[in-house]
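Topology and contacts: notes
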Amino acid sequence: MFLHVEPYAGDPILSLNEAFGKDPRVNKINLSIGIYFDDDGKIPMLPSVRAAELKVVAESGARPYLPMEGAANFRTAVQHLLFGADRQAVLDGRVVTIQTVGSSGGLRVGADFIKRYFPESGILVSDPTWDNHRSVFEGAGITVSTYPYYDADTGGLQFDAMLAALSQAPARSVVLLHACCHNPTGVDLSQDQWRKLLPVLQERELLPFIDIAYQGYGDGIEEDVFAIRLLADSGLSFLVANSFSKNMSLYGERCGALSVVCPDAAQAVNVLGQLKANVRRNYSTPPLHGGQLVARVLTDPDLRRDWEAEVVTMRERIQAMRRQLHDVLSAKLPGRDFSYFLTQRGMFSYTGLNPAQCDRLKDEFGVYILRSGRMCIAGLNTRNVEATAQAMAAVLA
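Here the structure is a predicted model, which means the values were calculated and not measured. (Residues numbered from 1 in each chain as written. Predicted model: local features only at pLDDT ≥ 70, side-chain atom pairs only at ≥ 80, totals over all residues. Heavy atoms only, no water.)

With that settled, the discussion passes to the layout of surface pockets. Roughly 550 Å³ of internal volume is contained in the largest pocket. Together, 28 residues line the largest pocket, and Gly 34, Ser 104, Trp 130, Tyr 214 and Lys 246 are the ones closest to its centre. Contributing elements (two or more residues each) for the lining of the largest pocket: α1 (12-22), α5 (102-117), α6 (131-139) and β8 (207-212). Taken together, the residues that form the lining of the largest pocket break down as twelve nonpolar, ten polar and six charged. Along the walls of the second largest pocket sit 21 residues, with Phe 118, Leu 207, Ser 237, Pro 263 and Gln 267 positioned nearest its centre. Among the secondary structure elements, those contributing two or more residues to the lining of the second largest pocket are α5, α8 (191-203), β9 (238-243), β10 (255-261) and α10 (265-280). Ranked by residues supplied to the lining of the second largest pocket, first place goes to α10 with four residues. (1 Å grid on protein atoms, 1.4 Å probe; cavity = no way out; pocket = protein on both sides within 12 Å on 5 of 7 lines; lining within 4 Å. Points joined across faces, edges and corners; volume = space filled by probe spheres on them. Helix = DSSP H or I, 4+ residues; strand = E, 2+ residues; numbered from the N terminus. Nonpolar A, V, L, I, M, F, W, Y, C, P; charged D, E, K, R; others polar.)

Turning our attention to the side chain of Thr 351. On the secondary structure map, Thr 351 appears in the loop between β11 (348-350) and α14 (355-365). Here Leu 353 takes part through its backbone nitrogen, which lies 3.2 Å from a polar atom of the side chain of Thr 351. From its side chain, Thr 351 meets the backbone oxygen of Gly 373 in a polar contact 2.8 Å long. In this structure, Thr 351 is in contact with Tyr 340, Phe 341, Ile 369, Gly 373, Met 375 and Met 392, ignoring residues within four places of it in sequence. (Polar contact = N/O pair within 3.5 Å; in protein donor to acceptor, adjacent residues only side chain to side chain. Contact = heavy atoms within 4.5 Å.)

Ordered in space as β2-β10-β9-β8-β7-β3-β4, the seven strands form an open sheet in which the pairing is mixed. Sheet topology places β2 (95-101) and β4 (144-148) at the edges, where each strand pairs with a single neighbour. Averaged over neighbouring strand pairs, the angle between their axes works out to 25° when direction is ignored. Contacting β2, β8, β9 and β10, helix α3 (residues 72-83) crosses the sheet at an angle of about 115° to β2. The strands that α6 touches are β3 (123-127), β4, β7 (174-178) and β8; relative to β4, the one it contacts most, it runs at about 145°. (Pairing = 2+ DSSP bridges. Axes fitted to C-alpha atoms, helices over the stretch in contact; angles between N-to-C directions.)

Put into structure tokens, the structure is as follows:
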């Protein structure tokens, strides 16, 4: 029956993570998968989320199916977090939000919606972008192409080339944009660059699809949604997929959302209905528990305050690892410029290592990063950062 089914090559990130698990070396270092680890090398259980869970469980009763669009308290809390409770787009009812199975689920529901209602539109993604972006949109039958983004010579952004490419994009193309903490490079647009991008999006009638999986890891909870609020305030229509895996350390709960900003409330009602239809024919309804933890943290003033402080701690620890990595590498290889580790933001950095050097890191030193050179900075800690830097210096020398 299934002799014609070809083997799956595996996901490059998850496969490398599996290889790390099988490596018997005691001093191995995992900088591959996008998970935040604390300085003890453990996935933290945030105290605010733990406290929310105790309250949610104490108050829980029957476990009915959620509506197709998800829990109302979760959806409202997400809208207020991303767009602001007092912003005009929210007050006018132009924003609709559904609860999804992680932000990956939001991307897929959004992709199916685009394919049905904008069947001729392709999507442009940054070069490079998260590997699964291409898989999700191609899996929905959408043609995927790229626009210039990462500058390998500087470790920064090719903004002029990006702007020029999008200025020539076919009208009504979809453009995938990272709101903050770009995955995989850690290179973000500045606020001024977002302002310069906005008229290009408007003039070319482009439909932005914003991915924000690391809110709070860049500059702060509020600061990291600058682009989303800029676009919403401009009257632009767009989609946003967001996740609470990283900033609430709820990876396995798959807590995400998809929001769509529409021209008016009447169109928003129809869009919400079709998003619900997409969910119904996919996974029917989202899960209950994790979303209620998120809603409780976001709506309880004390828990919200504690959570925001915990996100600051995580962000500052990542920044400290960036500085230490930069300092050791700069001392070991004084003729090279490693300042990009300080300007890139969030969990990830493009190291500048080529595939052969990444293989050497793994094989000779037990340091696991992707063959693209992407490193998860959040996997570093005070006990392994110097060894990592020394191994990198050895393969770069």
